[in-house]
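Fold and geometry: a report
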Amino acid sequence: TRHYSKNNQSINVIVKRELEFSTTFETLQLQEENSISCLNMHNVTFIKTYFSLDQKYMLCMYNAPDVESVRISQRQAKMPISDIYSCKELLPKMF
């Protein structure tokens, strides 16, 4: 089932991953690439990832109709989720 927001607007969603064991970025990238069909099914677009230097934490940004679309797609792809948030971008020129 595809999920769409009520007003056809999308939001940015941040997924925090706390990894139980240190891993490599390449391993997680492969896992993320294998999840593309789950993302597409729920109208979720991957934007970018930040990976901690100790290789235990990730912050991944997605664009989606809602947080639940990201949560469902991540569960189906068997990707770990520690926390998940909707967010908006604040740029220096906005202050």
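Before reading on, note that the structure itself is shown above.
A brief structural summary.

A closer look at the packing of aromatic side chains
Under the criterion given, the structure shown has one aromatic pair. Relative to Tyr62, the ring of Phe46 has its centre 5.8 Å away and its plane inclined at 70 degrees; by these criteria the two rings are edge-to-face. Placement of Phe46 in strand 2 (residues 45-51) and of Tyr62 in strand 3 (residues 57-64) is noted, with a sequence separation of 16 residues between them. Tyr62 gets classed as buried once you look at its relative accessible area, which sits at 0%.

Considering the pairing of strand 2
Sheet topology note: the strand 2/strand 3 ladder contains six bridges and is antiparallel. The residue of strand 3 that forms the bridge with Phe51 is Met58.

The rules behind these values
- Residue indices follow the written sequence of each chain, beginning from 1 at its first position.
- In view of the model being predicted, local features appear only for residues whose pLDDT reaches at least 70, and side-chain atom pairs are presented and counted only at 80 or more, with totals across whole chains, interfaces and linings using the full set of residues.
- Computation of side-chain values covers all heavy atoms of the structure but excludes hydrogens and water.
- Working definition: a ring pair exists when centres of Phe, Tyr or Trp rings (six-membered ring for Trp) sit within 6.5 Å. Plane angles under 30 degrees give stacked, over 60 give edge-to-face, the rest tilted.
- Secondary structure elements are defined from DSSP: runs of H or I of at least 4 residues count as helices, runs of E of at least 2 residues count as strands, and each element is numbered from the N terminus.
- The buried label applies to any residue whose accessible area, calculated with a 1.4 Å probe on protein chains only, is under 20% of its type's maximum; exposed applies above 50%, and partly exposed to all values in between.
- Being paired, for any two strands, means DSSP has found at least two bridges between them.

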